[in-house]
Amino acid sequence: MTSLALPSPAKLNLFLHITGQREDGYHELQTVFQFIDVADHMHFSVTDSDSLISLSPEIPGVPFEHNLIVKAARLLEPYRSNNTGIHIEIDKCLPMGGGIGGGSSNAATTLLALNQLWQCHLPLETLAALGKQLGADVPIFVFGHSAFAEGIGEKLSKVEPETPFYLLLKPNCEVPTGQIFTDKYLTRDTPAIRISHALKLEGHNDCLEVVRRLYSEVDEAFLWLQQFGDAKLTGTGACLFLAFDSIDEANRVKAAVPDKWQAWVCRGCNTSPTHNALNQWIASQHTEC
Ligand SMILES: C[C@@](CO)(OP(=O)(O)O)[C@H](O)COP(=O)(O)OP(=O)(O)OC[C@H]1O[C@@H](n2ccc(N)nc2=O)[C@H](O)[C@@H]1O
Ligand SMILES: Nc1ncnc2c1ncn2[C@@H]1O[C@H](COP(=O)(O)OP(=O)(O)O)[C@@H](O)[C@H]1O
């Protein structure tokens with residue numbers, strides 16, 4: 001039976017400006033998304049079993065039907081052109097509630113994989129529109145390239161930011177996105193910028209001060225990381241990151257990270273590792289034919 005293994009990477013928000021709020025409560029934002037080479041690993045195998053979708057292992061604290069992987073698979077089910085089921089295995093490495101988009105990435109990876117394995121033949125635009133129903137961050141992972149994002153994060157324009165090494169730091173807490181967006185002290189009126197300025201200006205993250213005030217762990221980790229340079233928050237947190245020109249420098253700071261926090265040294269990627277692996281798999285299928 002056919003199978004496909006794909007990485008499901010994390011993203012960073014290099015800056016995050018909140019420029020307004022829509023009537024439905026969602027916030028209008030401007031951000032630059034870049035992928036990093038820290039990832040969950042997913043394996044998809046086509047089955048002829050009765051149970052259409054199975055997942056192993058289940059993610060602790062995330063019921064099967066609430067799992068974004070299962071929700072993504074259910075969204076594609078009506079487009080199947082064969083009568084096969086799918087067994088999905090996941091090696092979950094990305095922390096949840098970290099602002100690095102692990103759940104959204106898993107959903108997008110599932111859409112991209114099943115589009116092939118179930119021969120749905122949907123274009124990326126349709127997969128992104130389906131994914132948006134699951135979360136504002138899913139379209140960027142379907143798009144697969146670093147992007148300047150507007151709207152609620154779904155209007156994407158390709159950009160090529162530098163690809164430094166990063167030290168990614170996870171304070172010992174999870175930050176629910178909804179809590180930050182409903183905080184009365186959140187700044188929602190940062191003036192909109194043009195895309196031509198997106199990579200030139202030193203952007204900021206409007207969520208940072210709210211998250212620092214609500215989560216003392218994030219505040220402490222931010223102050224610690226700031227000793228070494230321009231520490232930033234990704235998304236609504238909890239993760240923080242700092243860019244370095246050399247991997248040795250990043251590793252030196254990682255060695256000093258207090259044991260209570262998780263840390264990774266990683267590299268910024270302008271093409272998603274999922275898309276690189278998927279394109280290789282598609283090429284190998286053509287060679288076999
Ligand atoms: C703001 C970002 C930046 O990357 O934060 P992170 O989640 O990555 O930290 C994301 O766009 C988040 O995307 P995602 O995590 O998929 O959010 P969703 O599930 O769609 O929304 C969670 C909740 O956040 C609020 N929300 C989300 C996105 C947005 N542009 N405005 C909002 O007000 C809504 O209240 C929504 O109920
Ligand atoms: N496959 C999944 N992986 C991670 N989280 C998931 C998944 N499916 C559903 N969730 C839920 O989505 C929430 C947000 O997860 P995640 O996307 O990793 O964080 P963030 O949006 O902060 O980057 C989790 O707390 C969890 O309840």
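Please read these numbers as outputs of a predicted model, since none were measured by experiment. (Residues numbered from 1 in each chain as written. Chains lettered and ligands numbered in written order. Predicted model: local features only at pLDDT ≥ 70, side-chain atom pairs only at ≥ 80, totals over all residues. Heavy atoms only, no water.)

Here strand 5 (residues 147-150) runs beside strand 6 (residues 155-158); their pairing, made up of four bridges, is antiparallel. Residue pairing across strands places A147 opposite K158, the latter belonging to strand 6. Here strand 5 hands over to strand 6 after four residues, with G151 in that stretch at a positive phi of 70 degrees. (Pairing = 2+ DSSP bridges. Helix = DSSP H or I, 4+ residues; strand = E, 2+ residues; numbered from the N terminus.)

The next thing to look at is the UniProt feature "binding site: ATP" (unreviewed entry) in the chain. UniProt records the feature "binding site: ATP" (unreviewed entry) at P95, M96, G97, G98, G99, I100, G101, G102, G103, S104 and S105, using the numbering of this structure. With respect to the helices and strands, the residue G98 is situated in the loop between strand 4 (85-91) and helix 2 (102-117). A residue is classified by how much of its surface remains accessible, and G98, at 2% relative accessible area, is buried. Setting aside its immediate chain neighbours within four residues, G101 contacts K11 and F141. (UniProt positions renumbered as here; feature names shortened; annotations may be inferred. Buried < 20%, exposed > 50% of the residue type's maximum accessible area, 1.4 Å probe, protein only. Contact = heavy atoms within 4.5 Å.)

Every one of the 17 residues lining ligand 2 counts as a neighbour, but N67, L68, G99, G101 and G103 are closest to it. Take N67: an N or O atom from its side chain is 2.9 Å from a nitrogen atom of ligand 2. The separation between a nitrogen atom of ligand 2 and a polar side-chain atom of K92 is 3.0 Å. The set of elements that each furnish at least two residues to the shell around ligand 2 consists of helix 1 (68-76) and helix 2. The greatest single-element share of the shell around ligand 2, amounting to four residues, is contributed by helix 2. Looking at side-chain class alone, the shell around ligand 2 contains six nonpolar, ten polar and one charged residues. (Near = heavy atom within 4 Å. Polar contact = N/O pair within 3.5 Å; in protein donor to acceptor, adjacent residues only side chain to side chain. Nonpolar A, V, L, I, M, F, W, Y, C, P; charged D, E, K, R; others polar.)

Taken together, the neighbourhood of ligand 1 is formed by 18 residues, with K11, H27, A136, D137 and T236 sitting nearest. T177 places a polar side-chain atom, nitrogen or oxygen, 3.0 Å from an oxygen atom of ligand 1. Within the backbone of T236, an N or O atom sits 2.7 Å from an oxygen atom of ligand 1. Protein chains bury 81% of the 680 Å² of accessible surface belonging to ligand 1 in isolation. Contributions of two or more residues to the shell around ligand 1 are made by strand 1 (3-21), strand 2 (27-47) and helix 5 (177-181). Counted by class, the shell around ligand 1 contains six nonpolar, ten polar and two charged residues. (Areas by Shrake-Rupley, 256 points an atom, 1.4 Å probe, with all protein chains shown as cover.)

What follows is about the state of the cysteines. Counted according to the given criterion, the structure contains zero disulfides. Of all cysteine sulfurs, the one in C239 lies closest to C207, which takes part in no disulfide; the gap is 14 Å. Overall, C207 belongs to the buried group, its relative accessible area being 0%. (Disulfide = S-S within 2.5 Å.)

Axis separation between helix 2 and helix 3 (residues 124-132) bottoms out at 10 Å; the angle between their running directions is 135 degrees. By the angle between their axes, helix 2 is oblique relative to helix 3. Between helix 2 and helix 3 lies a crossing of right-handed hand. For the pair formed by helix 2 and helix 3, the contact residues are L111, L112 and N115 on the first element and L124, L127 and G131 on the second. Of the residues contributing to the contact of helix 2 with helix 3, the split by class is four nonpolar, two polar and no charged. (Axes fitted to C-alpha atoms, helices over the stretch in contact; angles between N-to-C directions. Parallel < 35°, antiparallel > 145°, perpendicular 65-115°, else oblique. Left-handed = near helix turned anticlockwise from the far one by under 90°.)

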